[in-house]
Amino acid sequence: MSRTRSDRIHPHGPIPQDGPARRPRPAGRPTRLAVLASATVLSVTALVLPAQAAAPAAAPPGPAAVRGQDGGPLDRAALRQSLDAFRDAGMYGAYSTVRDGSATWRGAAGVADVDSGRPVRPDFEHRIGSITKTFTAVAVLQQVQAGRVELDAPVGRYLPELVGGERGRQVTVRMLLNHTSGIGDYVLPAFPGLAEDPAGTLEANRFRHVEPEELVRLGLAARPAAPRGTYAYANTNYVIAGLLLERATGQDAEDYITRNVIRKAGLRHTYFPRSARIRGPHAKMYESMYGTIAPARDFSVYDMSWAGTAGALVSTTDDLADFYRRLLGGTLLGPAALAAMKTTVPAYEPEPGDTVRMRYGLGIYTLQMPGGGWYWGHDGGVFGAGTWALSSEDGKRQVAIGYNLMKYERFDDQGRPLPDPIGAALVGHVYGALGEAPAPAGPAARGQAPAPGPLPTRQHLVGPGQLLR
């Protein structure tokens, strides 16, 4: 997917206004999704993920537990149980890496192919979706460190041909990176017909290529989800950031990120795909679109130009743990740039009396678990593939998990969410992995016990609330 057109990446050259063939993305069915669009728990940017039900206190660590360099235990048996519970709740396949200091646990549960029964493996490559945004933000912040980009400069200074007028003057680079730009998302406009025929639309666009300038034009024309200055997640922001990176460096954005972020972090299985296929061992990736695609269909072969610097990367859970540990440890950015990255804005408006438990920085967010601990990271979702990576402030305690069934949630005729045992089991594994709660087992892992409260994470590429806005 490398782009080599010199007129596009030259630091002072024009950015062409028309791009080649276009590329689509997912949605849902008209009547059912019209109802789902009213679901208040699904905002334009984030899907509320139910917190895992409380589980019985874990027994003291036995022979299966491993103690890391910071003294925290990894209970391998409990982690195995919670990942199996995720599969038993209905997830097709999942793979996870959990770390505590020098101790590491890797696990996999379920199938990579529902037809053949081929099992998943912990080392599988996987499309990581919006976790790509952390990599892109690091690259832009490297240019800030070098003095080529100013965080609070208007975007129009760098891309006047693409983002002009009031937006060019008022939207800053920082606003792109923390999603407060007031710019709409391009995804639905890029996939016309998605709401009417999700399976047909996704299938028809498997090999469609779209240039980033076209995605930006669609996003600029889309209705913003929130006014400028208020957080509203939009993939358009990070496609613009990629074009800004090209203007600042004179290099293709994906090539720059590969050389200066991925390789600098020492990652061996993280890359921007150059074709519609994942090059290493991987699972099939099944998209359900909230039950409108039944049975769920495999979209692991897909041209990812529609996501680009906002969501096209492939990686492994091991690589993601390495990446966030090195980022938080100061390997990829200097202290000032890392501090800027970790300067956050509220990711949602809390209920009266509540506090914000999720805050978004520059390509990274911080999330408070019910036990009180705060963790840094990001999540990602593409058609058929979900990923979630979280790390403690010091990068010692980590979890990274990938899974291969997306938009498995279900809703009633009024758009109200039905019990979600898969989501509950996912959160249970993450809680246990971070040492925030015992890893779930038994009925609690299946979401049969009361959940302690919502956890606002997991940004799907398209949620029901987005489909027919």
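Residues numbered from 1 in each chain as written. Predicted model: local features only at pLDDT ≥ 70, side-chain atom pairs only at ≥ 80, totals over all residues. Heavy atoms only, no water.

*Asks:* Mind laying out the overall build of the protein, listing which residues take part and the relevant values?
*Replies:* A count of helices and strands for the protein gives 16 helices and 17 strands. When burial is assessed residue by residue, the protein has 61% of its 469 residues classed as buried. Contacts spanning at least 24 positions in sequence make up 74% of the contacts within the protein whose residues lie at least 6 apart. For the protein, the computed accessible surface area is about 16600 Å², with 53% contributed by carbon and sulfur atoms. (Helix = DSSP H or I, 4+ residues; strand = E, 2+ residues; numbered from the N terminus. Buried < 20%, exposed > 50% of the residue type's maximum accessible area, 1.4 Å probe, protein only. Contact = heavy atoms within 4.5 Å. Areas by Shrake-Rupley, 256 points an atom, 1.4 Å probe, with all protein chains shown as cover.)

*Asks:* With reference to specific residues and values, describe the environment of Trp 306.
*Replies:* Tracing the chain through its elements places Trp 306 in the loop between strand S8 (297-298) and helix H12 (308-311). Along the primary structure Trp 306 and Val 187 are separated by 119 residues, whereas in three dimensions their C-alpha atoms are 8.1 Å apart.

*Asks:* Mind laying out the packing of aromatic side chains, listing which residues take part and the relevant values?
*Replies:* If you walk through the whole model with that rule in mind, you get 14 aromatic pairs. Consider the rings of Phe 86 and Tyr 403, whose centres lie 5.6 Å apart with planes at 80°: the pair is edge-to-face. Note that Phe 86 is positioned in helix H3 (residues 76-88) and Tyr 403 in strand S15 (residues 397-403), a separation of 317 residues in sequence. Under the relative-accessibility criterion, Phe 86 is labelled buried at 0%. Given a relative accessible area of 1%, Tyr 403 falls into the buried group. Look at Trp 306 and Phe 383: their rings are 5.1 Å apart centre to centre, the planes differ by 25°, and that puts the pair in the stacked class. On the criterion of sequence distance, the pair formed by Trp 306 in the loop between S8 and H12 and Phe 383 in the loop between strand S13 (374-382) and strand S14 (385-391) is long-range, its members being 77 residues apart. Both residues of the pair, Trp 306 and Phe 383, belong to the buried class. (Phe/Tyr/Trp six-rings, centres within 6.5 Å; stacked < 30°, edge-to-face > 60°.)

*Asks:* Before we move on, could you go through the nonpolar core and cite the residues and values that matter?
*Replies:* Ranked by size, the top nonpolar core spans 122 residues in total, and within it Phe 86, Phe 135, Trp 306, Phe 323, Leu 327, Met 341 and Leu 390 carry the most contacts. Sequence-distant contacts of Phe 323, defined by excluding residues within four places in its chain, comprise Thr 134, Phe 135, Val 138, Val 261, Ala 265, Leu 267 and Leu 332. With 6 residues, the next largest nonpolar core counts Ala 108, Val 120, Phe 124 and Ala 283 among its residues. (Core = buried A, V, L, I, M, F, W, Y, C linked by side-chain atoms within 4.5 Å.)

*Asks:* Before we move on, can you summarise the sheet that holds S8 with the specific residues and values?
*Replies:* Backbone hydrogen bonds hold the strands of a sheet together, and the pairing may be parallel or antiparallel. Read across the open sheet, the 3 strands follow the order S8-S7-S16; overall the sheet is mixed. Looking at strand neighbours, the two that pair on one side only are S8 and strand S16 (405-406), the edges of this open sheet. Here strand S7 (residues 286-287) pairs with S16 via 2 bridges, running parallel. Bridge pairing in S16 places Glu 287 opposite Met 406. (Pairing = 2+ DSSP bridges.)

*Asks:* Can you tell me about the sheet that holds strand S11 (residues 358-360), naming the residues and giving the values?
*Replies:* Across the sheet, which stays open at both edges, the 8 strands sit in the order S5-S4-S15-S14-S13-S12-S11-S10 with antiparallel pairing between neighbours. Two strands lie at the open edges of the sheet, namely strand S5 (103-110) and strand S10 (345-346), each paired on one side alone.

*Asks:* Could you give me a rundown of the environment of Pro 189, with the residues and numbers involved?
*Replies:* Within the secondary structure, Pro 189 is located in helix H7 (residues 187-190). Separated by 26 residues in sequence, Pro 189 and Leu 215 have C-alpha atoms that sit 8.8 Å apart. Discounting chain neighbours no more than four positions away, the residues touching Pro 189 are Leu 218 and Ala 222.

*Asks:* Could you give me a rundown of unusual backbone geometry, with the residues and numbers involved?
*Replies:* A cis amide bond links Ala 294 to the next residue, Pro 295, at an omega of -5°. Checked against the element boundaries, Pro 295 lands in the loop between S7 and S8. The backbone phi angle of His 179 is positive, close to 60°, even though this residue is not glycine. Take His 179: it is sitting in the loop between helix H6 (173-177) and H7. With phi around 55°, Lys 407 is a residue other than glycine that occupies positive phi space. Topologically, Lys 407 is positioned in the loop between S16 and helix H15 (421-433).

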